[in-house]
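Analysis of the macromolecular model
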Amino acid sequence: MIAEHQIIIVWLALGAFLFTTELAVPSIGFIFAGFGALTVGILLNFDFIPSNNILFQTVVFFGASGVWTFILWNPLKKTKLRKKKIFSL
């Protein structure tokens, strides 16, 4: 059985890995999953979600990724379009 602090580290490491993947593979999807994983790690750290229920953590991960997508989609899209206009001059 994995200890509680190890579960937190796994989620935070997954978030860092997803952010790194976003830098290596230029897309926009991995950043939302990274924020979702970091959200689960932070919620576990402050005992807002149970550390012994992996299924619930996974549901929170997908839900948090969806919420982050909803919040950040338009600002990131505008930033990406602005960069294209600058480089197309």
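Being a predicted model, the structure only gives us computed values, none of them experimental. (Residues numbered from 1 in each chain as written. Predicted model: local features only at pLDDT ≥ 70, side-chain atom pairs only at ≥ 80, totals over all residues. Heavy atoms only, no water.)

1. Description of the nonpolar core
Counting 11 residues, the largest nonpolar core consists of Ile7, Ile8, Trp11, Leu18, Ala33, Ala37, Val40, Leu44, Ile49, Val60 and Phe61. When contributions to this core are tallied by element, the ones reaching two or more residues are α1 (4-24), α2 (29-45) and α3 (54-87). Every residue in contact with Val60, bar those within four places of it in the chain, is listed here: Val40, Leu43 and Ile49. (Core = buried A, V, L, I, M, F, W, Y, C linked by side-chain atoms within 4.5 Å. Buried < 20%, exposed > 50% of the residue type's maximum accessible area, 1.4 Å probe, protein only. Helix = DSSP H or I, 4+ residues; strand = E, 2+ residues; numbered from the N terminus. Contact = heavy atoms within 4.5 Å.)

2. Section: unusual backbone geometry
One non-glycine residue with positive phi stands out, namely Asp47, at about 60 degrees. Within the secondary structure, Asp47 is located in the loop between α2 and α3.

3. Focus on the environment of Gly15
Within the secondary structure, Gly15 is located in helix α1. Overall, Gly15 belongs to the buried group, its relative accessible area being 0%. Separated by 15 residues in sequence, Gly15 and Phe30 have C-alpha atoms that sit 9.2 Å apart. Excluding anything up to four places from it in sequence, Gly15 contacts Gly34, Ala37 and Leu38.

4. As for the packing of α1 against α2
Across the interface, α1 lies against α2 with an axial gap of 8 Å and an inter-helix angle of 160 degrees. It follows from the interaxial angle that α1 and α2 lie roughly antiparallel. Judged by the sense of rotation from one axis to the other, the crossing of α1 with α2 is left-handed. For the contact of α1 with α2, the residue count by class is 16 nonpolar, 6 polar and 2 charged. (Axes fitted to C-alpha atoms, helices over the stretch in contact; angles between N-to-C directions. Parallel < 35°, antiparallel > 145°, perpendicular 65-115°, else oblique. Left-handed = near helix turned anticlockwise from the far one by under 90°. Nonpolar A, V, L, I, M, F, W, Y, C, P; charged D, E, K, R; others polar.)

5. Overview of the packing of aromatic side chains
This structure, assessed with the given rule, holds 5 aromatic pairs. A centroid spacing of 6.1 Å and a plane angle of 35 degrees characterise the contact between Phe32 and Trp73, whose relative ring orientation is tilted. Residue Phe32 is found in helix α2, and its partner Trp73 is found in helix α3; the two are separated by 41 residues along the sequence. A relative accessible area of 37% places Trp73 in the partly exposed class. Three or more aromatic residues joined by ring pairs make a cluster, and in this case those are Trp11, Phe61 and Phe62. (Phe/Tyr/Trp six-rings, centres within 6.5 Å; stacked < 30°, edge-to-face > 60°.)

6. Some details on the confidence of the model for the protein
Interpretation of the predicted coordinates at a detailed level should be avoided for regions scoring low in pLDDT. In this model, the protein carries an average pLDDT of 87, and 88% of its residues clear a pLDDT of 70 or more. Mean pLDDT values for the elements of the protein range from 84 in α3 up to 95 in α2. (pLDDT = per-residue confidence, 0-100.)

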